[in-house]
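The primary structure of each chain is shown beneath.
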Amino acid sequence: MDLFENGKVVKVCAPMVRYSKLAFRSLVRKYDCDLCFTPMIVAADFIRSAKARDSELTTTYSDRPLIIQFAAKDAQTLATAASLVAPFSDGVDLNCGCPQRWAMAEGYGACLINKPQIVKDMVRHVRNQVDKPNYAVSVKIRIHKDVRKTVDLCQKAEAAGVSWITVHGRTADERHQPVHYDAIKTIKDSLRIPVIANGDIKNPKDVQAVCELTGVDGMSIKMTLQWTAVALFLYIEIGILLLLCLPFISAQRWQMIFSLNIWNRVAWVWKRGFLAMIIILIVLFLDAVREVRKYSGAQINKESKMYPNMIDHVHMKLFRSQRNLYISGFALLLWLVMQRVIQLINQLAAAVNTNSALHVQIEDANKAAKRYMEETEQLEQALKDCTDESKAEGNERLRNEVSQLKQELKTSAEALNKSKSEADAIKKQTEALAKDYDHLLQNQMKLQACTEIEDKKDI
Ligand SMILES: Cc1cc2nc3c(=O)[nH]c(=O)nc-3n(C[C@H](O)[C@H](O)[C@H](O)COP(=O)(O)O)c2cc1C
């Protein structure tokens, strides 16, 4: 089953009576064949005779993966044959496609496509009886003229736990007519298990063409596409989130990156791409919810109890759908987280910018305040210095002036005294002079009188 999980086209060597024996299988395995079938072995003969077993089945350890094809018409015979070959093989295939008259007459091969209930029972019996995990049970069918009958058969086989279905795209009556690939596609689209297309595939180009026409291994492709889409988106989201959370890229740097012109140019594609991805994720999520409900429903649980080996099959389906559910849900959640992180980074960057602008303003204000304070201090100091100095100076000056005045006063007093003395002296002199003058005047007058007397006497 793992072969169908990796999304590649599984190349199968079809069962061919007389041809696909060990030597042939060993040969085709050398040419990139993924899975080999043995030729059809009649299960009833196989369990009945050791001789038949020895001649019909030869294998080696390297002859894997190997599917043993049986022709059977009842469930128990097939289950017994499967138990016998289980240790040497990877699965059994029920032939519901052999159109040969002898086979149809015996109730083998293509006549089984009209007996869906028997096919279902045979699949369930093998599942119940072979105690080997992952042991495959497949059927190979031809199509009905009415493809709805084939779809019904396949869905019943699927519900019984068949691992995959090989569809030969011809009816039981057709031999070399063109293969009805449209019918294979219809069958493929109605099932969730892998479908192998068969008929008219002769070379690698045919493989590609048939794949495109029918979508076979489409199941594995569909699962892989789902998985790839979700996982890809998830990884992209995780990558972006990791980048966004890198510690050495600051919020401002991110904002610079977000504001780059290139984002405007790719915005159209980016937005629509994201929208498409989100829609795909929601669809995948809903599809996964539907599948989880389907495979964990009461009906399945009931059937699982009746057919214990179906549990593996249902569990696998459930596991896949749950995986897709969780991954798509997680991807959706991460998308929301990513949007929020981008928003927060923008807000953080804006806050950091405002903060740094405020910081600068505060620093400027601080510097200005400091400068003002310094200047005030200087002024105060200057004022203080100025007051003290001028006071002292003034005092000194006053003192000087006072002493000067005193000195001047003293000098003036001295000068005054001196002048007074001088004035006294002058006064005295003046008085003395006045006296002298009076005296002189008196003398003169006496002299004059004398003179006059003498003159008179002369006369
Ligand atoms: C010689 C031969 C033997 C075959 N034996 C078996 C067989 O044992 N079991 C089976 O399911 N199909 C058998 N087939 C059918 C092939 O597996 C296959 O379905 C068929 O060849 C595909 O159709 P095509 O030949 O038109 O390409 C056989 C085909 C041939 C040619």
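Because the structure is a prediction, the values reported are computed rather than measured.

S.K.: What is the right way to read the overall build of the protein from this model?
M.R.: Regarding its fold elements, the protein presents 14 helices and 8 strands. Long-range pairs, those at least 24 residues apart, make up 72% of the contacts in the protein between residues at least 6 apart in sequence.

S.K.: Is there a simple way to think about the nonpolar core in this case?
M.R.: Generally speaking, nonpolar side chains in soluble globular proteins are found buried as a group. By size, the foremost hydrophobic cluster in this structure holds 64 residues, and its most contacted members are Ala-43, Phe-70, Leu-78 and Ile-165. In terms of residue count, helix H4 (residues 75–85) provides more of this core than any other element does, 6 residues in total. Not counting chain neighbours up to four residues away, the residues in contact with Ile-165 comprise Ser-138, Val-139, Ile-141, Cys-154, Ala-157, Ile-193 and Val-195. In this structure, Leu-284, Phe-285, Ala-288 and Ile-327 belong to the second largest nonpolar core, which totals 11 residues.

S.K.: What is the right way to read the site of the ligand from this model?
M.R.: Taken together, 16 residues lie around the ligand, and Ala-14, Pro-15, Met-16, Val-17 and Met-40 are the ones closest in. Partitioned by chemical class, the residues of the shell around the ligand number 8 nonpolar, 6 polar and 2 charged.

S.K.: For this particular structure, what's the right way to read the pairing of strand E7 (residues 164–168)?
M.R.: Sheet faces and side chains relate simply in a regular strand, where the side chains alternate between the two faces. The buried fraction of E7 is high, at 5 of 5 residues. Going residue by residue along E7, you find Trp-164, Thr-166 and His-168 tucked away on one face and Ile-165 and Val-167 tucked away on the opposite face as well. Here 5 bridges tie strand E6 (residues 136–142) to E7, and the two strands are oriented parallel to one another. Along E7, the bridge assignment pairs Arg-142 with His-168. Traced from E6 through helix H7 (residues 147–160) to E7, the parallel crossover comes out right-handed.

S.K.: Mind showing me how you'd approach the packing of H4 against helix H6 (residues 116–129) here?
M.R.: The relative placement of two packed helices comes down to the angle between their axes together with the axis-to-axis distance. Between H4 and H6, the shortest axis-to-axis distance is 8 Å and the interhelical angle comes to 35°. Relative to H6, the crossing made by H4 is right-handed. Within the contact between the two elements, H4 uses Ala-75, Gln-76, Leu-78, Ala-79, Ala-82 and Ser-83 and H6 uses Asp-121, Met-122, His-125, Val-126 and Gln-129.

S.K.: Just checking my understanding: could you explain the environment of Arg-293 for this structure?
M.R.: Residue position: Arg-293 is located in helix H12 (residues 261–295). On the basis of neighbour count, Arg-293 is assigned to the exposed category, with 10 C-beta atoms found within 10 Å. In this structure the C-alpha to C-alpha distance between Arg-293 and Gln-322, which are 29 residues apart in sequence, comes to 9.7 Å.

S.K.: Explain the packing of H7 against helix H8 (residues 181–190) to me, please; I cannot follow it from the model alone.
M.R.: Running from N to C, H7 and H8 point in directions that differ by 35°, and their axes come no closer than 10 Å. Relative to H8, H7 is oriented so that their crossing is right-handed. Between H7 and H8, the residues in contact are Val-147, Thr-150, Val-151, Cys-154 and Gln-155 and Ala-183, Thr-186, Ile-187 and Ser-190, respectively. Broken down by class, the residue content of the contact of H7 with H8 amounts to 5 nonpolar, 4 polar and no charged.

S.K.: What am I meant to see in the pairing of strand E4 (residues 66–71) here?
M.R.: With respect to burial, E4 is a largely interior element, 6 of its 6 residues being buried. Neither face of E4 is exposed, since Leu-66, Ile-68 and Phe-70 on one face and Ile-67, Gln-69 and Ala-71 on the opposite face are all buried. Pairing geometry for strand E2 (residues 35–37) and E4, over 2 bridges, is parallel. The residue of E4 that forms the bridge with Phe-37 is Ile-67.

Definitions and cut-offs
Within any chain, residue numbers begin from 1 and follow the written order of that chain's sequence. Restriction of local features to residues with pLDDT of at least 70 applies here, the model being predicted, together with a cutoff of 80 or more for giving and counting side-chain atom pairs; totals for whole chains, interfaces and linings are based on all residues. Think of it this way: any DSSP run of H or I at least four residues long counts as a helix, any run of E at least two long counts as a strand, and we number them from the N terminus. Residues are defined as contacting one another if the C-beta atoms placed from their backbone atoms lie within 7 Å. The nonpolar core criterion groups buried Ala, Val, Leu, Ile, Met, Phe, Trp, Tyr and Cys residues into a set whenever they are joined through C-beta atoms within 7 Å. To sort residues by burial, count the other C-beta atoms lying within 10 Å of each one's C-beta; a count of 20 or more means buried, 12 or fewer means exposed, and anything in between means partly exposed. C-beta atoms are built from the backbone. All residues are tested the same way: a C-beta atom is placed from the backbone, and lying within 6 Å of a molecule or strand makes the residue near it. Throughout, the ten residues Ala, Val, Leu, Ile, Met, Phe, Trp, Tyr, Cys and Pro are labelled nonpolar, Asp, Glu, Lys and Arg are labelled charged, and all others, Gly among them, are labelled polar. Being paired, for any two strands, means DSSP has found at least two bridges between them. By convention a crossover is right-handed if, when the strands point away from the viewer, the path from the first strand over the helix to the second runs clockwise. Between N-to-C directions, angles cover 0 to 180 degrees, with each direction set by a line fitted to C-alpha atoms, over the stretch in contact for helices. Should the near helix be turned anticlockwise from the far one by less than a right angle, the crossing is termed left-handed; should it be turned clockwise, right-handed.

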